[in-house]
Amino acid sequence: MSLDPTLVPDLQAVLRDVPDFPKPGIVFKDITPMLANPRLFGRVVNAMSAPFRGQHITKVVGVESRGFLLGAPIALALDAGFVPARKPGKLPHRRIIERYSLEYGADGVEMHEDAILQGERILIVDDVLATGGTADATARLVQRLGGQLVGFSFLMTLDFLEGPKRLGHDKVTSLLSL
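Described below are features of the structure shown in this document. (Residues numbered from 1 in each chain as written. Predicted model: local features only at pLDDT ≥ 70, side-chain atom pairs only at ≥ 80, totals over all residues. Heavy atoms only, no water.)

**Concerning the overall build of the chain**
Consideration 1: Helices and strands together make up the secondary structure of the chain, namely six helices and nine strands.
Consideration 2: A principal-axis box enclosing the C-alpha atoms of the chain has dimensions of 40 × 40 × 30 Å.
Consideration 3: Here the chain holds 178 residues, and the buried ones make up 44% of them.
Consideration 4: Taking the intrachain contacts of the chain between residues at least 6 apart in sequence as the baseline, contacts between residues at least 24 apart amount to 59%. (Helix = DSSP H or I, 4+ residues; strand = E, 2+ residues; numbered from the N terminus. Buried < 20%, exposed > 50% of the residue type's maximum accessible area, 1.4 Å probe, protein only. Contact = heavy atoms within 4.5 Å.)

**Structural notes on the sheet that holds strand β7 (residues 121-129)**
Consideration 1: Taken in spatial order, the five strands of this open sheet run β4-β3-β7-β8-β9, and their pairing is parallel. The open sheet has two free edges, formed respectively by β4 (81-85) and β9 (172-177), since each of these has just one partner strand. Strand-to-strand twist across the sheet, computed as the mean angle between neighbouring axes with direction ignored, equals 20 degrees.
Consideration 2: Docked against the sheet, helix α1 (residues 7-14) engages β8 (148-157) and β9, running at close to 65 degrees with respect to β9.
Consideration 3: Seen against the sheet, helix α4 (residues 66-77) touches β3 (59-63), β4, β7 and β8 and runs at an angle of roughly 140 degrees to β7. (Pairing = 2+ DSSP bridges. Axes fitted to C-alpha atoms, helices over the stretch in contact; angles between N-to-C directions.)

Keep in mind that these numbers describe shape and distance, not what the molecule does.
Listed below in structure tokens is the structure:
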């Protein structure tokens, strides 16, 4: 399936760079203008789910928080369930955690311990792939719960941070490479 040739320029036209957010030196990629445009949002969902059609995805894991916004409609497009992967302490039921290192400390990601069943085919979705730390921790959670990781779908990849290398180039799809 080929990508709509106008999607990338249309997406680039609405994404906003917000300098020094959430802290000095970071350029935040604001996707809210894309979310506010129903046609563009639908095109993005179709494009992000397209490489995984026919791969029998049973669950889509959306990584907090913008991964929820993209992951839920992608799950519907793939006729799959949706699982939130959240920051520690945000899920109400029994959960498991996977910790990971950041350049300035440590963090973690949690899922409900019954969110994924043995052998389910899993797609992990998020908006931005940077270093890959959060996505990698989420993949480890999927594997600990017995899921089979099929791949990752990102809206955009910050190539200079080498996240695809960490996750495995063959597992990563992304609409934009920045």
